[in-house]
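Each chain is listed here by its residues.
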Number of protein chains: 2
Amino acid sequence: MNPGVTGRGTAAAAVLGAVLRHGPVARTTIARLTGLSPAAVTRNCAALAGLGLLTEVAGPLPYRGVGRPHTPVDVETGRHLVAGIHVAHEHCTLALLDLRGRVRARLKVPHRDPDDHEEVLATAADRLVRLHAEHLPGHVPLGLGVAAGGWVDTEAGVLVEHASLGWRDVPVRDLLAARTGLPVLVDSHARALARAEQLFGAAGHHESLVHLFVGNVVDAAIITGGGAHRGTRSAAGGVAHLALGDPAIECPCGRNGCLEATVSDRAWAWRAYEAGVIARPSIADLGDAAVAGDPAATALLVDRARIVARAAALLFDIVNPDVVVVTELGVIRLPECADAVRAEVAATSRACPSPSAVLPSSFGRDVLGVAAGSVQLDAIYADPLDIRNPIRLGV
Amino acid sequence: MNPGVTGRGTAAAAVLGAVLRHGPVARTTIARLTGLSPAAVTRNCAALAGLGLLTEVAGPLPYRGVGRPHTPVDVETGRHLVAGIHVAHEHCTLALLDLRGRVRARLKVPHRDPDDHEEVLATAADRLVRLHAEHLPGHVPLGLGVAAGGWVDTEAGVLVEHASLGWRDVPVRDLLAARTGLPVLVDSHARALARAEQLFGAAGHHESLVHLFVGNVVDAAIITGGGAHRGTRSAAGGVAHLALGDPAIECPCGRNGCLEATVSDRAWAWRAYEAGVIARPSIADLGDAAVAGDPAATALLVDRARIVARAAALLFDIVNPDVVVVTELGVIRLPECADAVRAEVAATSRACPSPSAVLPSSFGRDVLGVAAGSVQLDAIYADPLDIRNPIRLGV
DNA sequence: GCCACTTTTTTGCCCAGCGCAACGAAGTGC
DNA sequence: GCACTTCGTTGCGCTGGGCAAAAAAGTGGC
């Protein structure tokens, strides 16, 4: 309750957050970064080290010639890990992450019967247990994060409505907790990724950011003042059906010109396929063609980037975040697309602070796993002293 | 630092906030509302009463027949007040508000020389001192809030750029503080009003709200999770230049179809004037005509409401707040306009929880004064124990 | 009028957690 | 070996919350 000290959350969270962002770092530096007293930093570091979240490292001391040298501390990545399950249309992506959000093991599990959610989740859980046993048996799992597209009730841990699988009111948390014995948290894909970008990605230390995701669904997530913004009905960031797209395209929602109907992976792949640019309607093929140097493919992806930029510009104007992170195939793989978005945003938006405020996503092929694990990591970094060493994975 | 107890801010703020919202209320009820223990409520109430922010009232006890009766406490409106100066294009609006945000005295001061900001502010300050001496000499002023359209640096208390007066980098806080001896806070019009609606208006206890202001400028303000969202460059809520308006209309910004260029008071009054509905291009005349029953005037205002509704729908989808409060002449004065907005939003937005989530502004003719005073009241309710009884008004 | 009973409010005590300041630690340069 | 500098730790006091016991302020029965 001392003013201006910790911002939101506990002091321990502030300390751990500073350590995460500023690599191996001396305690006095942490004190400066967080505004805490050196004494408080020492005590919190001790508590965090006791939980195995922090270690002293024998730093490559860049000695300053005078005074007692630093004893840098860093996030302990060798003892704990976090599991993640991302539930998509055709498969689950499983991942084990360390506390720096790095994927240490991954596995893609196709759904046997997509309609049978119990079977899908049970299989995912079992494979996860095996993944852990095979790859990182020495690491203690702290929890499991689940990310999915669509509407999620985070409090209840229920997947209210999955965007493409058609699941309804699936009690994901309880099902997976029973099967793994781990604490389980569930959140929407977009919010999880936004938080991941803030914790581990290029968006680094920015206090506010917007994450714009373009895949088969289009969704945005807003983070302001330290926390993800959910909105009344957990529906914040609904940009899918804004009329920013091609007015000639009908959307299943009944209106025309919806952003999602125009620029989703599926829609754009079809557009490219029909234009004869690729041999089958696959967005990955389009990306490969463009990366290989096909000018028509590149042009198509740049076109998409320009439309995506309209949404980014809108978000800049309305939310005015420090940065907008864009997860979209073209922007990630082709510099031309990223430039196109930046140029378009700079030209359209009044509030975009600088072109460099538009960033491509940082997680490459591992996005889905990182998203899922980050659901749990978010909670750990928000209140690190609250972790309960769980029962061993696998019950 | 005890989990889940006070939400954001101090316990005293939670207590005072609960008292503000729930009228005269028993301490036990406050405990239930805030999640604090009865003991903590007692202590905080004592502290707040000591500062003169709270009183015990000899309540009209609705006695429940058994047990010790309540001793209701309420916000003390008879000892302190807050001053406000709203700086507009042609005049300053001065107001003295009590702690419930009610305007107790008001005065409109036309600018003698709009270009001479020092003179304008000095005159406003002097008239404010006189207003206090004449009307409420017994009340102790706690501070002065300044609201203005345009770009405001709240930290520095500087009006970076006024929307219509053309002022630049005016150190409003220092000028007025020197002249009045009061603590001065400066904020943008839109944010101040949003906060006022949340504190004193119909938006009551909603945690998140968006305020959409349509006057000669068009602006939105976003409040989430307890605090106004400023954005990186204090530019959050920039809806003025979204392409939601009439594509035939050119905007000074260089593009076409901007919302502000289409629906601002000035623009719409001209439209009505040119259509022959009113005798001179005045939005007030248009409102009067509509209220008097002129169907053409009403139709024009309903048209405007529909366009405004597009912005409201957009804000619902992107921010997903509990409510959107609309400050616009038609919506405030004509039920038809409010209904038009509700219908349009319900039809367009996917995230609007219910038509009743669109509310007209609550402050009638006093909006400007309330906005200005609320800049200061906001700070008081955010950290009530922090008030310093200032030097007597007038130095 | 007095007592049992109920509910509100206060008081006393304990405990977490931070800041302050003094102290111990670990180096360099002379 | 000693002065000096900076880093990290420890002891102490303060703030402010919770818990539990006590006090307060009524009603209704006798």
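With respect to the packing of aromatic side chains
Right, so step 1: Counting across every chain of the model gives four aromatic pairs over all chains.
Right, so step 2: Ring geometry for A:Phe200 and A:Tyr381: centres 6.1 Å apart, planes at 70°, overall edge-to-face. You can see A:Phe200 sitting in helix α6 (residues 189-200) and its partner A:Tyr381 sitting in helix α13 (residues 367-382), a full 181 residues away along the chain. Exposure class is identical for A:Phe200 and A:Tyr381. Each is buried.
Right, so step 3: An angle of 85° between the planes, with centres 5.3 Å apart, marks the rings of B:Trp270 and B:Tyr273 as edge-to-face. Residue B:Trp270 and its partner B:Tyr273 are located together in helix α8 (residues 265-274), separated by three residues, close to a single helical turn.

Here we look at the protein's contact with DNA strand C
Right, so step 1: Every one of the 29 residues lining DNA strand C counts as a neighbour, but A:Ser37, B:Thr42, B:Gly67, B:Arg68 and B:Thr71 are closest to it.
Right, so step 2: The sugar-phosphate portion of DNA strand C accounts for 66% of its atoms within 4 Å of the protein, the bases making up the rest.
Right, so step 3: Note that a phosphate oxygen of DNA strand C is positioned 3.1 Å from one of the backbone N or O atoms of B:Arg27.
Right, so step 4: Between DNA strand C and B:Arg68, the relevant distance is 2.9 Å, taken from a base oxygen to a main-chain nitrogen or oxygen of the residue.
Right, so step 5: Taken together, the elements giving at least two residues each to the surface near DNA strand C come down to α3 (38-50) of chain A together with α2 (27-34) and α3 (38-50) of chain B.

Brief notes about the domain arrangement of chain A
All names here are of chain A.
Right, so step 1: For chain A, the assigned domains read domain 1 (11-75), domain 2 (80-192 + 368-386) and domain 3 (206-361).
Right, so step 2: The straight-line distance from the C-alpha centre of domain 2 to that of domain 3 is 26 Å.
Right, so step 3: The partner domain 3 presents eleven residues to the eight residues of domain 2 that form the contact.
Right, so step 4: Counting each side, the surface lost to burial between domain 2 and domain 3 is near 820 Å², with a carbon and sulfur contribution of 54%.

Regarding α13(A)
All names here are of chain A.
Right, so step 1: Between its terminal C-alpha atoms α13 stretches 21 Å, which fits the 22 Å expected from 16 residues at 1.5 Å a residue.
Right, so step 2: Residue Ser-374 marks the point of greatest curvature in α13, where the axis turns by about 35°.
Right, so step 3: Extensive coverage of α13 is indicated by the burial of twelve of its 16 residues.
Right, so step 4: Residues of α13 that are buried: Val-367, Gly-369, Val-370, Ala-371, Ala-372, Gly-373, Ser-374, Val-375, Gln-376, Leu-377, Ile-380 and Tyr-381.

Brief notes about the protein's contact with DNA strand D
Right, so step 1: Close contacts around DNA strand D come from 29 residues, with A:Thr42, A:Gly67, A:Arg68, A:Thr71 and B:Ser37 the closest.
Right, so step 2: Near the protein, within 4 Å, the atoms of DNA strand D are sugar or phosphate in 69% of cases.
Right, so step 3: A distance of 3.0 Å is found between a phosphate oxygen of DNA strand D and a backbone nitrogen or oxygen belonging to A:Thr28.
Right, so step 4: Here a base oxygen of DNA strand D sits 3.3 Å away from a polar atom, N or O, in the main chain of A:Gly67.

Considerations on unusual backbone geometry
Residues and elements named next belong to chain A.
Right, so step 1: Despite not being glycine, Asp-169 has its phi angle at roughly 50°, a positive value.
Right, so step 2: By secondary structure assignment, the location of Asp-169 is in strand β9 (residues 168-170).
Right, so step 3: Unusually for a residue other than glycine, Asn-320 sits at a positive phi of about 55°.
Right, so step 4: Its location among the elements puts Asn-320 in the loop between α10 (295-319) and β14 (323-327).
Right, so step 5: Taking the relative accessible area as the measure of exposure, Asn-320 reaches 0% and is therefore buried.

Reading the values: the criteria
Residues numbered from 1 in each chain as written. Chains lettered and ligands numbered in written order. Predicted model: local features only at pLDDT ≥ 70, side-chain atom pairs only at ≥ 80, totals over all residues. Heavy atoms only, no water. Phe/Tyr/Trp six-rings, centres within 6.5 Å; stacked < 30°, edge-to-face > 60°. Helix = DSSP H or I, 4+ residues; strand = E, 2+ residues; numbered from the N terminus. Buried < 20%, exposed > 50% of the residue type's maximum accessible area, 1.4 Å probe, protein only. Near = heavy atom within 4 Å. Polar contact = N/O pair within 3.5 Å; in protein donor to acceptor, adjacent residues only side chain to side chain. Domains from an automatic or database assignment. Contact = heavy atoms within 4.5 Å. Buried area = accessible area lost by both parts, 1.4 Å probe. Expected span 1.5 Å × (residues − 1). Bend = angle between axes of the 7 residues up to and from the residue.

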